[in-house]
Amino acid sequence: NEPLEVVDPEIAAVLQNELNRQRSTLEMIASENFVPRAVLESQGSVLTNKYAEGYPGRRYYGGCEFVDVAEDLARERAKSLFGAKYANVQPHSGASANAAVLSAIAEPGDTILGLELSHGGHLTHGMKLNFSGKLYNVVHYGVDPETFLIDMEVVRQKALEHKPKVIIAGWSAYPRTLDFAAFRAIADEVGATLWVDMAHFAGLVAAGLYPSPVPHAHVTSSTVHKTIGGPRSGFILTDDLDLYKKLNSNVFPGQQGGPLMHVIAAKATAFKLAATDEFKDRQQRTLSGARLVADALTTEASKAAGVDVLTGGTDVHLVLADLRHSPLDGQQAEDALHAVGITVNRNAVPFDPRPPMVTSGLRIGTPALATRGFGDVEFAEVADIIALTLQQAGDLEALSARVTALADAFPLYPGLEEW
Ligand code: PLP
């Protein structure tokens with residue numbers, strides 16, 4: 001019963017150092033967030049001890065009477081949050097949710113049509129080293145080379161040409177809304193199943209600030225840890241009972257063994273919080289902050305320094321900085337922001353002239369700072385710091401001091417001495 005700092009001081013130091021890093025820097029990785037303390041409590045709880053293979057009421061282990069309550073709550077809350085008939089909340093991650101979805105709706109060798117990885121798609125949408133690229137015959141659609149938008153007529157032509165079994169809509173790096181009704185119409189026209197992966201924008205959907213895919217898709221998958229801000233994990237929604245049964249058996253025993261009951265309990269709490277006005281306010285601040293960042297990177301000064309924003313702005317929680325004409329490549333820009341205390345990730349822009357490990361873009365996200373309490377005033381300040389850094393126009397020490405002042409003004413996990 002010794003505490004971690006006694007049993008394993010090296011790992012205890014990792015936890016403490018990471019808490020200090022999260023507190024003292026500004027987290028702008030678009031896929032990250034800060035979970036509420038209540039979620040940390042579930043994840044660090046005795047539920048981690050419990051095996052519960054199967055589903056509530058039909059487990060392969062005894063002693064599941066309490067974890068069943070947690071999973072039922074998570075399912076009910078997910079369904080009501082997104083207006084779906086059925087939910088599976090067991091996937092350990094977004095990628096394992098996607099593996100279960102694909103194995104439920106396609107056979108190896110079938111054709112799947114999704115957004116190209118380098119145009120903002122995800123690994124699980126058919127990247128060649130991923131299970132999805134290895135098991136299925138992958139065809140991709142991309143964004144338009146002029147507008148950087150998805151052109152639904154191009155998606156339709158690809159679908160008509162390749163007759164895919166599955167059409168995938170959803171993205172990891174695309175700053176605009178998608179037309180889910182148009183995707184469904186194309187799927188119906190070619191007899192495909194429409195799968196939407198809303199991992200990135202699920203929080204915006206829950207708040208009513210992004211179109212909901214759920215009424216249009218045959219199946220919708222998601223993570224819980226990005227805009228929703230819950231535990232690192234996944235879930236799947238559908239309105240179709242037969243498909244739901246297939247999805248269940250493709251999650252367990254198809255892809256996974258025992259569900260992570262401590263994480264499922266934390267998902268239940270995250271879904272409960274996502275139904276509140278406070279959550280909606282946070283998503284609104286997330287969107288407004290992203291627009292302020294986009295504004296700062298499209299000023300005359302930014303453009304003169306070779307900095308711009310793909311599609312000219314954003315409808316979502318992220319901005320794709322376009323550095324094709326900047327002397328800084330994606331790697332150098334990521335490092336420059338890191339040096340002033342802002343964490344982002346470099347990201348290939350579509351048709352990127354630079355290699356994938358270097359890139360000509362940055363993906364800058366606002367969910368974590370919105371969770372930390374940032375509103376327009378703070379986002380305008382951080383947007384200015386980013387713009388000056390990318391323009392190589394500011395004094396490094398002064399910019400770092402401005403980052404520190406913002407971080408200090410919005411303490412993360414106040415009252416938590418250590419973790
Ligand atoms: N789907 C999309 C669209 C994503 O962006 C991601 C994560 O980046 C995933 C799925 C995978 O989630 P995870 O990292 O939990 O496996």
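Calculation criteria
Residues numbered from 1 in each chain as written. Predicted model: local features only at pLDDT ≥ 70, side-chain atom pairs only at ≥ 80, totals over all residues. UniProt positions renumbered as here; feature names shortened; annotations may be inferred. Near = placed C-beta within 6 Å. Helix = DSSP H or I, 4+ residues; strand = E, 2+ residues; numbered from the N terminus. Nonpolar A, V, L, I, M, F, W, Y, C, P; charged D, E, K, R; others polar. Pairing = 2+ DSSP bridges. Axes fitted to C-alpha atoms, helices over the stretch in contact; angles between N-to-C directions. Contact = placed C-beta atoms within 7 Å. Parallel < 35°, antiparallel > 145°, perpendicular 65-115°, else oblique. Left-handed = near helix turned anticlockwise from the far one by under 90°.

- Naming follows an unreviewed UniProt entry, where the protein appears as Serine hydroxymethyltransferase of Leucobacter rhizosphaerae.
- Checking UniProt for the protein, the heading Subcellular location (unreviewed entry) contains the comment "Cytoplasm".
- According to the UniProt record, the Subunit (unreviewed entry) comment for the protein reads "Homodimer."

### Digging into the site of the ligand
Line of reasoning, step 1. Near the ligand you find 15 residues, and of these Ser-93, Gly-94, Ala-95, Ser-172 and Ala-199 are the closest.
Line of reasoning, step 2. Here the shell around the ligand takes three residues from helix H5 (residues 94–105), the largest share from any one element.
Line of reasoning, step 3. Residue classes in the shell around the ligand are distributed as three nonpolar, eleven polar and one charged.

### Some points on the sheet that holds strand S15 (residues 361–365)
Remark on secondary structure: sheet strands pair via backbone hydrogen bonds, oriented parallel or antiparallel.
Line of reasoning, step 1. An order of S11-S12-S15-S14 is seen for the four strands of this open sheet, with the pairing classed as antiparallel. Looking at strand neighbours, the two that pair on one side only are strand S11 (308–309) and strand S14 (345–346), the edges of this open sheet.
Line of reasoning, step 2. Bridging between S11 and strand S12 (residues 318–322) involves two bridges; their strand directions are antiparallel. Paired with Asp-308 across the bridge in S12 is Asp-322.

### Description of the sheet that holds strand S4 (residues 86–88)
Line of reasoning, step 1. The seven strands are arranged S4-S10-S9-S8-S7-S5-S6 in an open sheet whose pairing can be described as mixed. Each edge of the sheet is formed by a strand with only one pairing partner; in this case those strands are S4 and strand S6 (137–141). On average, each strand axis in the sheet is inclined to that of its neighbour by 20°, with strand direction left out of account.
Line of reasoning, step 2. Pairing analysis gives five bridges linking strand S5 (residues 111–115) to S6, with the strands arranged parallel. Bridged to Thr-111 within S6 is Asn-137.
Line of reasoning, step 3. Packing against the sheet, H5 makes contact with strand S7 (166–170), strand S8 (193–197), strand S9 (219–223) and strand S10 (234–238), and its axis sits at approximately 35° to S10.
Line of reasoning, step 4. Those strands touched by helix H10 (residues 241–251) are S4, S9 and S10, and its axis lies near 5° from that of S4.

### Quick word on the UniProt feature "domain: Serine hydroxymethyltransferase-like" (unreviewed entry) in the protein
Line of reasoning, step 1. As annotated by UniProt and renumbered to match this structure, "domain: Serine hydroxymethyltransferase-like" (unreviewed entry) occupies residues 4–386.
Line of reasoning, step 2. The span residues 4–386 is 44% helix and 14% strand, and its two end C-alpha atoms sit 38 Å from each other.

### Some words on the packing of helix H14 (residues 330–340) against helix H16 (residues 376–390)
Line of reasoning, step 1. In contact at an axis separation of 10 Å, H14 and H16 are set at 130° when each is read in the N-to-C sense. On the basis of the axis angle, H14 is oblique to H16. Between H14 and H16 the crossing geometry is right-handed. Here Ala-333, Ala-336, Leu-337 and Val-340 of H14 come into contact with H16, specifically with Ile-385, Ile-386, Thr-389 and Leu-390.
Line of reasoning, step 2. Classifying every residue of the contact of H14 with H16 by side-chain character gives seven nonpolar, one polar and no charged.

### Digging into unusual backbone geometry
Peptide bonds are, in most cases, trans, and in most cases residues other than glycine have a negative phi.
Line of reasoning, step 1. The amide bond that connects Phe-252 to the next residue, Pro-253, takes the cis arrangement and shows omega of 10°.
Line of reasoning, step 2. Position of Pro-253 relative to the elements: it lies in the loop between H10 and helix H11 (261–274).
Line of reasoning, step 3. Backbone geometry at Gln-392 places phi at a positive 55°, although glycine is not the residue there.
Line of reasoning, step 4. One can find Gln-392 in the loop between H16 and helix H17 (396–409).

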